[in-house]
Amino acid sequence: MLMHFNSQKTLGNRIKISGIGLHSGNTVDLVIRPASENFGIKFCRIDINKNDYIAANYLNVVDPVLCTKIKNKNGASVSTVEHLMAAFFGEGIDNALVEVNSSEIPILDGSANDFVEAIRTAGIKEQSSKREFIKVLKKVEVIDGDKYISIEPLNNDLIVDFEIVYKNPLIRTRRKVFNLSKDDLNEIYNSRTFCLYEDIDFIKNRGLAKGGSLDNAIVVKDDQILNEDGLRNRHEFVYHKILDCLGDLMLSGKRIFGHIKTSQGGHALTNKLLRKFFSNPDNWSLDNGQDKIKNALSKKDPKSFVASA
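In short, a report on the structure. What you see is a predicted model; the values in this text were computed from it and never measured.

What counts as what
Residues numbered from 1 in each chain as written. Predicted model: local features only at pLDDT ≥ 70, side-chain atom pairs only at ≥ 80, totals over all residues. Heavy atoms only, no water. Helix = DSSP H or I, 4+ residues; strand = E, 2+ residues; numbered from the N terminus. Contact = heavy atoms within 4.5 Å. Areas by Shrake-Rupley, 256 points an atom, 1.4 Å probe, with all protein chains shown as cover. Pairing = 2+ DSSP bridges. Salt bridge = Lys/Arg side-chain N within 4 Å of Asp/Glu carboxyl O. Buried < 20%, exposed > 50% of the residue type's maximum accessible area, 1.4 Å probe, protein only. Core = buried A, V, L, I, M, F, W, Y, C linked by side-chain atoms within 4.5 Å. Expected span 1.5 Å × (residues − 1). Phe/Tyr/Trp six-rings, centres within 6.5 Å; stacked < 30°, edge-to-face > 60°. Lys NZ or Arg CZ within 6 Å of the ring centre and 35° of its normal. Lys, Arg positive; Asp, Glu negative; His and termini not counted. Polar contact = N/O pair within 3.5 Å; in protein donor to acceptor, adjacent residues only side chain to side chain.

Let's shift gears to the overall build of the chain. Looking only at helices and strands, one finds seven helices and 20 strands in the chain. Viewed in the frame of its principal axes, the chain has a C-alpha envelope of about 55 × 40 × 35 Å. The contacts in the chain between residues at least 6 apart in sequence include a share of 72% that link residues at least 24 apart. As displayed, the chain has an accessible area near 14,000 Å², and 45% of this comes from carbon and sulfur atoms.

In this section: the sheet that holds strand 8 (residues 77-79). Strand order in the open sheet formed by three strands is 6-7-8, and the pairing between neighbours is antiparallel. Two strands lie at the open edges of the sheet, namely strand 6 (61-62) and strand 8, each paired on one side alone.

Going through the model one piece at a time under the given rule, you end up with 12 salt bridges. A salt bridge links K272 to D144; its shortest N-O distance comes to 3.1 Å. Here D144 lies in strand 12 (residues 140-144) and K272 lies in helix 6 (residues 267-278), a separation of 128 residues in the sequence. Relative accessible area serves as the criterion here: at 41%, K272 is assigned to the partly exposed category. Across the salt bridge formed by K261 and E152, the nearest N and O atoms sit 3.7 Å from each other. In this pair, K261 is assigned in strand 19 (residues 256-263) and E152 in strand 13 (residues 147-152), connecting sequence segments 109 residues apart. You can call K261 partly exposed: its relative accessible area is 30%. By relative accessible area, E152 is classed as buried at 19%. Taken together, the shared-partner salt bridges in this structure form one network comprising E91, E117 and R120.

Counting 73 residues, the largest nonpolar core has F43, F88 and L246 as its most contacted members. Of the residues forming this core, the biggest block, eight residues, is contributed by helix 5 (residues 236-249). Residue contacts for L246: discarding those within four places in its chain leaves A86, F89, L158, V160, F178, L185 and I188.

Turning our attention to the side chain of S129. Along the chain, S129 turns up in strand 10 (residues 124-130). We classify S129 as buried; its relative accessible area is 17%.

The next thing to look at is helix 6. With 12 residues, helix 6 extends 17 Å from end C-alpha to end C-alpha; this agrees with the ideal 16 Å at 1.5 Å per step. Along helix 6, the residues that are buried comprise H267, L269, T270, N271, L273, L274, F277 and F278.

What follows concerns the packing of aromatic side chains. A complete count under the given rule lists six aromatic pairs for this structure. Note on F278 and W284: the rings are 5.6 Å apart at their centroids and 75 degrees apart in plane angle, and the pair reads as edge-to-face. Among the aromatic residues, those joined into a cluster by ring pairs are Y58, F277, F278 and W284. K221 extends its terminal NZ or CZ atom over the ring of Y197, reaching a point 4.5 Å from the ring centre. Its end group placed over the ring of F89, R255 keeps NZ or CZ at 5.6 Å from the ring centre.

Along the chain, D157 turns up in the loop between strand 13 and strand 14 (158-165). Buried and without a salt bridge, D157 has K182 as its closest oppositely charged side chain, separated by 6.5 Å. Among the polar contacts made by the side chain of D157, one reaches the side chain of S181 at a distance of 2.5 Å.

Structure follows, in structure tokens:
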């Protein structure tokens, strides 16, 4: 299991990817560069002149509607980071600089598969510094109407128990439990974003999904899938939600050991959970037992746990 490899890792070579932004509809060029130890994951908006670094961290998340958007204190932002962050999570990348010439990461085929393949092609370089993992000490939960998410202690592993609930007769209610130490990530990586046909006009009227098409999203109309090739796997709907959740959890700044349970969750709910969880230093520790580091980083001010960009 990747999380048991204790050394930090970065890319072996740089990666170049181009594609369409799901919400902007613009062509986006992306370069992912290897980064030094303890650099973390940072995004760089190369199309603006200054204040262009944005740390991939939960406290930088703003307006998490239909995607995860992060913004720095100077107003520079980049959205739809969740699939790339999930690829970093699963492939064990701790340090990378993501250069992008637009306000959005390309959607590609609507999954994380192309990012994963690019990372594997570039190779992974092991670094000398050790990883630190976040260990959950106390259960924390967030309830928002019918929506629910919680995190509770689990030793040396991550489990995501995810339930989706739709009135649509094809999607319906589905639930899957993903165990990082035992389960294959490939079907998670390969699962695409999806939407209901009747929601498309509403989404577009909000200025979103300008680049959306059957090439990068599953569209469901009543009990039919409009994509010619149908689903890639029978659990694709809920697996994509797990993919998003893994990407959003990667915004904790370090990998988490814990048990996530959620019903009707999404970007906003996961972010609320992270904010509540890290707001109390009694909820967590670093698994290497370095309590002095924990206290220095979070006890006085939880915001000091994140990068400043």
